[in-house]
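Residues per chain, in single letters:
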Amino acid sequence: MLRLAPAGSRAIVDMSYARHFLDFQGSDIPRAMQKLVVTRLSPNFREAVTLRGDCPVPLPGDGDLLVRNRFVGVNASDINYSAGRYDPSVKTPFDIGFEGVGEVVALGLSASARYAVGQAVAYMAPGSFAEYTVLPASAAAPVASLQPQYVTLPVSATTAYISLKELGGLSEGTKVLVTAAAGGTGQFAVQLAKKAGCHVIGTCSSDEKSAFLKSIGCDRPINYTTEPVSTVLKQEYPKGVDVVYESVGGAMFDLAVDALAIKGRLIVIGFVSGYQTPTGLSPVKAGTLPAKLLKKSASVRGFFLNHSLSKYQAAMDHLLKMYAGGDLVCKVDLGDRSAEGRFIGLESVFRAVDYMYMGKNTGKIVVELSRSVSSKL
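Residues numbered from 1 in each chain as written. Predicted model: local features only at pLDDT ≥ 70, side-chain atom pairs only at ≥ 80, totals over all residues. Heavy atoms only, no water.

### Overview of the UniProt feature "domain: Enoyl reductase (ER)" (unreviewed entry) in the chain
Under the UniProt annotation, the feature "domain: Enoyl reductase (ER)" (unreviewed entry) is placed at residues 44–367. As a span, residues 44–367 carries 28% helix and 25% strand, and end to end its C-alpha atoms are 19 Å apart. (UniProt positions renumbered as here; feature names shortened; annotations may be inferred. Helix = DSSP H or I, 4+ residues; strand = E, 2+ residues; numbered from the N terminus.)

Following this line, the structure appears as structure tokens:
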């Protein structure tokens, strides 16, 4: 419920509800903010997205939180979103970014039953590439503090947790191949498979990433720049692998199909090698796929997180407990080793996307937004 304000000033919340809101009047919440906006549909992020600097800070509705973002996550699928691939009917301009960690600075009456101003939250909701984001309270999870590690959980970790639990059929001794294993979601597939008693093989692109994979329990890291993955799998795993957690696509998908054991299960959570192309796809040997699957009684299953939202909250709760208990490594890459240094500010999201597609990151790419002088977190 809002009270109309004089022209040129900020609308404030009706003061009869003051205890449930941070009053905008006299607060440090500005009237305008920066955010990234998709202004042209394209898989080229720099062409598709514009940084706008005079956007109104949104007001939370009854069940909403207004979050001042401190850290936001970069995903390979951001360019699918900027290309309009998830919803062909979408019209520009629209907001972008899937997840963030920040501080609640205002909230609706219903939302105040679970949250309070000043609380730190992690969330998955569209429009995170902004200084402030409004989101349903149901899309958030309380976290202990404003740490970048929490950004790894809402999309990357939950994707690994739910897909492997629902589709992996993991048990003691299961042989699991994780492609792009040192990336944002691969790191969690490795750790969760190990905790299920599996033997884990992980592909990566450098000795540094290989060392990271060993540190989180990967039994056989494969640096594909120095060892052909297909040769290693044929020589060391002649009976094949039981599960593949696959996010690369193209030639790696074909290789993974060939590496499946009898009754093997290939879980497709993405195909990043094709996202920058006009079609968003990398060519695969689809013509021979039915015969290969039949010969091994094998299967290929797709997994898209939005189709498993009924299991999402339980997954987040479990992962948060694992992290709090020291049972989960949440590796983040803030760009410290990139050519221009750490990813700070919304303008650096462009660099962060480039960095990801050059395969430079170890762990989840996270962009830091400026700390508020009034923040207590």
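The discussion continues.
### Notes on the pairing of strand β15 (residues 260–268)
Across five bridges, the pairing between strand β14 (residues 241–246) and β15 is parallel. In the strand pairing of β15, Val243 is matched with Arg265. Both β15 and strand β16 (residues 299–302) contribute to a ladder of four bridges, which runs parallel. The residue of β16 that forms the bridge with Leu266 is Val300. (Pairing = 2+ DSSP bridges.)

### Topic: the packing of helix α3 (residues 153–168) against helix α4 (residues 186–195)
Relative orientation of the contacting elements α3 and α4 amounts to 40 degrees, with a least axis distance of 9 Å. In terms of their interaxial angle, α3 and α4 are classed as oblique. Helix-helix and strand crossings are classified by hand; for α3 and α4 the assignment is right-handed. Where α3 approaches α4, its residues Leu153, Ser156, Ala157, Ala160, Tyr161 and Leu164 are matched on the opposing element by Phe188, Ala189 and Leu192. The class makeup of the residues in the contact of α3 with α4 is eight nonpolar, one polar and no charged. (Axes fitted to C-alpha atoms, helices over the stretch in contact; angles between N-to-C directions. Parallel < 35°, antiparallel > 145°, perpendicular 65-115°, else oblique. Left-handed = near helix turned anticlockwise from the far one by under 90°. Contact = heavy atoms within 4.5 Å. Nonpolar A, V, L, I, M, F, W, Y, C, P; charged D, E, K, R; others polar.)

### Description of the nonpolar core
Tyr150, Leu153, Val178, Phe188, Val190 and Leu213 are the most contacted members of the largest nonpolar core, which has 53 residues in total. Per-domain counts for this core show at least three residues from each of domain 1 (30–153 + 332–368) and domain 2 (156–307). One finds Phe45, Ile79, Met356 and Leu369 within the second-largest nonpolar core, a separate group that totals 24 residues. (Core = buried A, V, L, I, M, F, W, Y, C linked by side-chain atoms within 4.5 Å. Buried < 20%, exposed > 50% of the residue type's maximum accessible area, 1.4 Å probe, protein only. Domains from an automatic or database assignment.)

### As for the domain arrangement of the chain
Along its sequence, the chain is carved into domain 1 (30–153 + 332–368) and domain 2 (156–307). When each unit is reduced to the centre of its C-alpha atoms, the spacing between domain 1 and domain 2 is 28 Å. In this complex, domain 1 contributes 20 residues to the contact, which on the side of domain 2 involves 21 residues. Across the interface of domain 1 and domain 2, roughly 1500 Å² is buried in total on both sides, 52% from carbon and sulfur atoms. Broken down residue by residue, the surface that domain 1 buries against domain 2 is led by Leu153, Tyr357 and Thr362, which jointly contribute 30%. Taken together, the links from domain 1 to domain 2 amount to one salt bridge. There are ten residue pairs in polar contact (both at pLDDT 80 or more) connecting domain 1 and domain 2. Here the side of domain 1 that touches domain 2 is built from residues that sort into seven nonpolar, eight polar and five charged. (Buried area = accessible area lost by both parts, 1.4 Å probe. Salt bridge = Lys/Arg side-chain N within 4 Å of Asp/Glu carboxyl O. Polar contact = N/O pair within 3.5 Å; in protein donor to acceptor, adjacent residues only side chain to side chain.)

### Notes on the sheet that holds strand β6 (residues 94–95)
Backbone hydrogen bonds hold the strands of a sheet together, and the pairing may be parallel or antiparallel. What the three strands build is an open sheet, ordered β4-β3-β6; its pairing is antiparallel. Unpaired on one side and paired on the other, β4 (49–56) and β6 mark the two borders of the sheet. In this sheet, β6 lies alongside strand β3 (residues 32–38) in antiparallel orientation, the contact comprising two bridges. Bridging across to β6, Val37 finds its partner in Asp95.

### Regarding the pattern of salt bridges
Side chains carrying opposite charge are able to pair once their charged atoms draw close together. Following the criterion strictly, the structure yields 14 salt bridges and no others. Here Asp95 ties to Lys35 by a salt bridge, and the two come within 3.0 Å at their closest N and O atoms. Here the residue Asp95 occupies a position in strand β6, and Lys35 occupies one in strand β3, the gap between them amounting to 60 residues. For Asp95, a relative accessible area of 33% translates into the label partly exposed. Residue Glu236 pairs with Arg220 through a salt bridge whose shortest N-O separation is 2.8 Å. Pair noted here: Glu236 is in helix α6 (residues 229–236) and Arg220 is in strand β13 (residues 220–223), with a separation of 16 residues, a long-range link. Given a relative accessible area of 39%, Glu236 falls into the partly exposed group. Among the charged side chains, a salt-bridge network with shared partners connects Arg70, Asp336, Arg342 and Glu368.

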